[in-house]
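Observations on the three-dimensional arrangement
In case you want the letters, here they are:
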Amino acid sequence: MAVQSVQPSEGPELVQLLTPEGERVEHPDYSIELTEDEYRGLYRDLVLVRRIDTEATALQRQGELGLWASLLGQEAAQVGAGRALVDRDFAFPTYREHGVAYCKGVDPVTLLGLFRGVNQGGWNPHDKGFQLYTIVIGSQTLHATGYAMGLQRDGADGAVMAFFGDGASSQGDVNEAFVWSSVFQAPVVFFCQNNQWAISEPLERQSRIPLYERAKGFGFPGVRVDGNDVLAVLAVSRAALERAREGSGPTLIEAYTYRMGPHTTSDDPTRYRLAAELETWKLKDPIERMKAYLSRTGMADHDFFDAVDTAADELAAHIRAGCLALDDPQPLTLFDNVYAGGSSLLDEEREQLAAYLGSFEGAH
Amino acid sequence: MSGTTLTLGKALNEGLRKALENDPKVLIMGEDVGRLGGVFRVTDGLQKDFGEDRVIDTPLAESGIVGTAVGLSIRGFRPVCEIQFDGFVFPAFDQIVSQVAKMHYRSAGNVKMPITIRIPFGGGIGAVEHHSESPESYFCHTPGLKVVACSNPVDAYWMIQQAIESDDPIVFFEPKRRYWDKAEVDPSAGAPRSLWNAEVVRPGSEVTLLTYGPSVKTCLEAAAAAETEGRDIEVVDLRSLSPIDWETVIASVRKTQHAIVVSEAPVYASLAAEVAARVSEKCFYELESPVLRVCGFSTPYPTSRIEEDYLPDLDRILDAVDRSLAF
């Protein structure tokens, strides 16, 4: 069976405010008004997020990380969603939401611990409202729904955003999360980055209909947005979060985008997709269209773009230095935090390992 | 203040009521737990008194029950999830072992999972398939979970409250065929012991029966029957299945020098196997015979008309006692 080339849909159902050529267009249901500083800020975010990703990929290639899950091509989807979130909102990511983490104020260095193998999530989710990465596909959508039900019970003025991908849309947990959030009208936004590929499986293997249309069957609205258009993603995400906060229940956002890199650094996409497809999507690059827009309108000049590149270099240096400073944990820490209240069994095993390790002291 | 005679099911109900009264963050969630009061009526009347936001009738989706409990815990709640029957826990298995059990560990202690997962377990009620299973070994095998089983109304009343107060996730097994057993429960007396302690429920000198949940009563009946033949059997109710109170277990076996583990769960690679291995290791010099196991057979739970042949009963237990002492 031939692998089909997935053509981006740009029909009327796709919300777009900035064309791939960098032209501002209007949409009847979604609009956005930003200051020049905010437009420039979004561009800066996109560039810095891509730089986080390329630096981490380089660190993996140099043996400093065991693995990296690249977000290349999905910067606009993540920055648009991430910048729509406010401090009191809580995000439940997959393992690829480095851009959302950045927008939530999580230091990119702390994202690396998991991939370097020195911890399983180096940040406190409560600090920035950003849960640990979730690797089992789709599990976090139920966590997000539960958190949103907690907000309801607290009478809190916040919302939750659950991130997942096109592959996860087939998982039972995601469908259960749709049911639960719908019947309880929980303040959660389901943000699906449809990057066209679940490792080697194309979207056609997950769904016979556009993913956003699934929402209708669960009783809440679904919308497809150009995931490479940061302005449209920001507008659609803000509207969905506002809808959630005002008690109108969940929304499914399908951010139509493309995974320009491999699934992870262990993957080889040449085995399952054509190079021409990537070339097609490069023409829709999320950063290039924003740069064209800023240039065309005179909102930014060379000095600005150079300054952003310099900031990206500084961020990369910070990530590199921070990564190299992430030391291996001590062996006995493997018993730490299995339980909040401790365990007599683990106390015994810790003593055994300590005694065993201690038996080598002084030996050669 | 004197006690009240309660069934095990009602004792759980009263314990849950106390937990809801004592901590506004405690929630009860599950299928039919609200309006109906649970298929075993363990949550009877609680939704009426505490409201639909705290006693939640959920969609029929076990992974959803546990998965949303994870999110509620992150938000600071203390969910008590009811899985309607033992055989229905497996749709939630992934959320329990991959998410609930590991969250505190992988978050370096930043995220607590004070979730209690109640599961009616075990057979002997003449039920159709998937309603009589003993899946505790799966959960005991999973680091990050604590697992307990109550065997009588007094423990049911106190243990459910202690489990809910715990900051660790606890799988709480309830012996469904003992729901209607009665005993006097005195709420003013205070919890008689820690949730993690085993209890010598019948002292004896010749052989130790190590057991839990519904089999505790079976073992006590076996010990009473054996007494008429001059046998002096000690029965230890493990109560906490993970971790196990080895101090109490080992002290008993060192005294009697004979040990038999009794459980309804399939014997192969079971919690009973862990108990037997551990006792053999720790009591090697004191044991006068190999540790025996009287458990369910390594088959799927059978049809109800032959479940009595599958379940450990007085005769199989006493046969093992004879073999142990004759070794």
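These notes cover the structure that comes with them. Since the model is a prediction, treat every value here as computed from it, not as a measurement.

Two faces make up the sheet, and in a regular strand the side chains alternate between them. All names here are of chain B. Burial of strand E4 (residues 78–82) is extensive: five of the five residues sit out of reach of the surface. By the bridge criterion, five bridges tie strand E2 (residues 26–30) to E4 in an arrangement that is parallel. Following the sheet pairing, glycine 30 is matched in E4 by glutamate 82. Bridge count between E4 and strand E5 (residues 116–121): three bridges; the pairing is parallel. Paired with cysteine 81 across the two strands is isoleucine 117, which belongs to E5.

Moving on, we come to helix H4 (residues 108–116) of chain A. Residue and element names in this part refer to chain A. The element H4 is largely enclosed, with a buried count of seven among its nine residues. All of the buried residues in H4 are Pro108, Leu111, Leu112, Gly113, Leu114, Phe115 and Arg116. Its buried side turned inward, H4 meets helix H1 (36–61), helix H3 (98–103) and helix H12 (302–324). Downstream of H4 by one or two residues, glycine 117 has phi in the positive range, about 90°.

On to the packing of helix H3 (residues 62–74) of chain B against helix H4 (residues 93–100) of chain B. All names here are of chain B. The N-to-C vectors of H3 and H4 enclose an angle of 25°; their axes lie 8 Å apart at closest approach. One way to sum up the angle between H3 and H4 is to call them roughly parallel. Listed contacts from H4 to Ser63, Val66, Gly67 and Val70 of H3 are Asp94, Gln95, Ile96, Gln99 and Val100. Counted by class, the contact of H3 with H4 contains four nonpolar, four polar and one charged residues.

Before going further, it helps to examine the nonpolar core. Ranked by size, the top nonpolar core spans 192 residues in total, and within it Val160(A), Ala162(A), Ile253(A) and Leu209(B) carry the most contacts. At 11 residues, the largest contribution of residues to this core is made by helix H9 (residues 230–245) of chain A. Beyond its immediate stretch of four places on either side in the chain, Leu209(B) contacts Cys219(B), Ala223(B), Ile233(B), Glu234(B), Val235(B), Val236(B), Ile260(B), Val262(B) and Ile317(B).

Here is what the cut-offs are and how they apply
- The residue numbering used here restarts from 1 in each chain and proceeds along that chain's sequence as written.
- Naming scheme: in the order in which they are written, chains are lettered from A and ligands are numbered from 1.
- Totals for whole chains, interfaces and linings use every residue, but because this is a predicted model, local features are given only for residues with pLDDT of at least 70 and side-chain atom pairs only at 80 or more, for both listing and counting.
- Our exposure labels follow a C-beta count within 10 Å of each residue's own C-beta, placed from the backbone: buried means 20 or more other C-beta atoms, exposed means 12 or fewer, and partly exposed covers the counts in between.
- Numbering of helices and strands starts at the N terminus; helices are DSSP runs of H or I of at least 4 residues and strands are runs of E of at least 2.
- When DSSP finds two or more bridges between two strands, those strands count as paired.
- Any residue pair is listed as a contact if its two C-beta atoms, each placed from the backbone, are within 7 Å.
- Helix axes are fitted only over the stretch in contact, all axes being lines through C-alpha atoms; the angle between N-to-C directions runs from 0 to 180 degrees.
- Under this scheme an angle from 65 to 115 degrees is roughly perpendicular, one under 35 degrees roughly parallel, and one over 145 degrees roughly antiparallel; angles in between are oblique.
- Residues are grouped as follows: Ala, Val, Leu, Ile, Met, Phe, Trp, Tyr, Cys and Pro are nonpolar; Asp, Glu, Lys and Arg are charged; every other residue, Gly included, is polar.
- Residues enter a nonpolar core if they are buried, belong to Ala, Val, Leu, Ile, Met, Phe, Trp, Tyr or Cys, and are joined to the set through C-beta atoms within 7 Å.

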